[in-house]
Amino acid sequence: MASLVLDNISKVYDNKVTAVSNFHLQVEDEEFIVFVGPSGCGKSTTLRMIAGLEEISGGDFFVDGKRMNDVTPKERDIAMVFQNYALYPHMTVYENMAFGLKLRKVPKKEIDRRVNEAAAILGLESYLKRKPKALSGGQRQRVALGRAIVRDAKIFLMDEPLSNLDSKLRVQMRAEIAKLHQRLKTTTIYVTHDQTEAMTMASRIVIMKDGVVQQIGTPKEVYEEP
Ligand code: ADP
Ligand code: ADP
């Protein structure tokens with residue numbers, strides 16, 4: 001859990017493309033914020049600035065009141081879930097989930113506890129010894145979620161995590177992620193171009209266009225006629 005402040009952040013890339021312009025948003029503890037908007041509107045750039053993977057060109061970013069602009073990605077208490085899963089193909093499900101913790105020198109026993117707990121939450125107990133290629137798309141996406149869960153991070157960033165799944169599985173995983181959020185209450189920022197995902201999952205929705213925030217509100221405020 002964490003509160004975030006994007007204080008008028010902007011991103012101008014080296015080629016002078018302004019990808020994000022004066023993005024202002026205050027995210028409360030436990031919120032599930034969804035960024036929606038067409039391809040190229042600056043959603044991923046904003047996520048990457050929050051993760052520290054992209055330098056902020058203007059403005060400030062705070063987590064729980066602490067300015068984060070110059071904090072390295074490793075030192076940010078953030079776990080990311082990507083569209084393409086980014087699983088390591090030569091590692092088992094267990095090893096995939098354990099890897100980030102090993103790098104962080106978490107004791108073996110603690111790794112074991114966290115991986116087994118995440119596997120139980122995600123229904124992956126009987127798949128721990130498999131390699132990713134022996135899993136279905138939904139199972140792979142669960143492993144990617146598992147990797148984020150074991151980190152025990154204050155913030156989750158999810159960049160179109162369901163867009164590679166077929167529509168039936170997408171609906172199912174949407175519900176699973178919502179349940180996961182109810183359980184863990186981790187402050188989440190979720191990127192999608194799917195309005196239905198935004199409407200069913202978000203505490204608040206941010207609609208972006210051409211790097212500019214068009215609207216911020218609850219699903220009701222954003223999508224229902226007044
Ligand atoms: P979205 O995630 O909404 O699809 P992006 O944040 O990826 O949008 O991109 C926003 C804008 O920034 C686009 O015009 C894109 O072409 C540009 N852009 C993204 N990454 C880079 C980069 N590394 N260098 C230059 N321009 C980029
Ligand atoms: P895992 O992929 O299992 O989460 P790590 O968290 O150690 O393993 O990530 C591997 C690499 O990806 C590291 O170089 C790390 O800096 C980078 N990385 C992972 N998560 C983030 C994040 N949220 N923000 C920035 N970089 C990250």
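Look above for the structure.
This text gives an overview of the structure that appears in the document. No experiment lies behind these values; they were computed from the predicted model shown.

The rules we used
- Residues numbered from 1 in each chain as written.
- Chains lettered and ligands numbered in written order.
- Predicted model: local features only at pLDDT ≥ 70, side-chain atom pairs only at ≥ 80, totals over all residues.
- Heavy atoms only, no water.
- Pairing = 2+ DSSP bridges.
- Helix = DSSP H or I, 4+ residues; strand = E, 2+ residues; numbered from the N terminus.
- Contact = heavy atoms within 4.5 Å.
- Axes fitted to C-alpha atoms, helices over the stretch in contact; angles between N-to-C directions.
- Salt bridge = Lys/Arg side-chain N within 4 Å of Asp/Glu carboxyl O.
- Buried < 20%, exposed > 50% of the residue type's maximum accessible area, 1.4 Å probe, protein only.

Our focus in this paragraph is the pairing of strand S2 (residues 18-27). The pairing of strand S1 (residues 4-12) with S2 spans six bridges and is antiparallel. The residue of S2 that forms the bridge with Val12 is Thr18. What sits between S1 and S2 in their antiparallel hairpin is a turn of five residues, with Lys16 showing a positive phi close to 75°.

Moving on, we get to the sheet that holds strand S5 (residues 66-67). Strand order in this open sheet of four strands is S2-S1-S4-S5, and the pairing throughout is antiparallel. Taken across any chain shown, the strands that pair with only one partner, and hence form the sheet edges, are S2 and S5. Along the sheet, helix H1 (residues 43-51) makes contact with S1, S2 and strand S4 (58-63), crossing S1 at roughly 120°.

If you walk through the whole model with that rule in mind, you get ten salt bridges. Of the charged contacts, one joins Lys11 and Glu54 as a salt bridge, the two residues approaching to 3.8 Å between their closest N and O atoms. Here the residue Lys11 occupies a position in strand S1, and Glu54 occupies one in the loop between H1 and S4, the gap between them amounting to 43 residues. With respect to burial, Lys11 and Glu54 carry one shared label: buried. With a closest N to O distance of 3.0 Å, Arg142 and Glu176 form a salt bridge.

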